Amino acid sequence: MACARCARLREEEAQARKDGDHSAATDCRVLVGRHPHRDDAPSAKKDAHELEPG
């Protein structure tokens, strides 16, 4: 089940596509993908760890 923020972004994405604003539609998809409640979204801690030299 999606949260209210994700639902709102999906609505904005649909409207942007309808309006032909592909940049805004892409922005919405990126924001949904980065939303922290998703299990597959990268976390800041994970990203920082990956950047540390081995």
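Refer to the preceding data block for the structure.
To keep things clear, this report deals only with the structure shown in the data block. (Residues numbered from 1 in each chain as written. Predicted model: local features only at pLDDT ≥ 70, side-chain atom pairs only at ≥ 80, totals over all residues. Heavy atoms only, no water.)

Counting through the fold element by element, E13 comes out in helix α1 (residues 4-19). Classification of E13 by relative accessible area gives buried; the value is 7%. Engagement of the side chain of E13 in a polar contact is seen with the side chain of R10, the distance being 3.1 Å. If sequence neighbours within four positions are ignored, E13 has contacts with A25, C28 and R29. (Helix = DSSP H or I, 4+ residues; strand = E, 2+ residues; numbered from the N terminus. Buried < 20%, exposed > 50% of the residue type's maximum accessible area, 1.4 Å probe, protein only. Polar contact = N/O pair within 3.5 Å; in protein donor to acceptor, adjacent residues only side chain to side chain. Contact = heavy atoms within 4.5 Å.)

To continue, consider the packing of α1 against helix α2 (residues 22-34). Direction vectors running N to C along α1 and α2 enclose 160°, while the axes themselves pass 8 Å from each other. Relative to α2, α1 is oriented roughly antiparallel. Crossing handedness for the pair α1 and α2: left-handed. Contacts between α1 and α2 pair R5, C6, L9, R10, E12, E13, A16 and R17 from the former with A24, A25, C28, R29, L31 and V32 from the latter. Residue composition of the contact of α1 with α2, grouped by class: eight nonpolar, no polar and six charged. (Axes fitted to C-alpha atoms, helices over the stretch in contact; angles between N-to-C directions. Parallel < 35°, antiparallel > 145°, perpendicular 65-115°, else oblique. Left-handed = near helix turned anticlockwise from the far one by under 90°. Nonpolar A, V, L, I, M, F, W, Y, C, P; charged D, E, K, R; others polar.)

This part covers α2. The terminal C-alpha atoms of α2 lie 18 Å apart, and with 13 residues this matches the ideal 18 Å at 1.5 Å per residue to within 8%. Among the residues of α2, those classed as buried are A25, C28 and V32. Taken down its axis, α2 places every buried residue within 60° of arc, on the same side. Close packing links the buried residues of α2 with α1. (Expected span 1.5 Å × (residues − 1). Arc of directions from axis to C-beta.)

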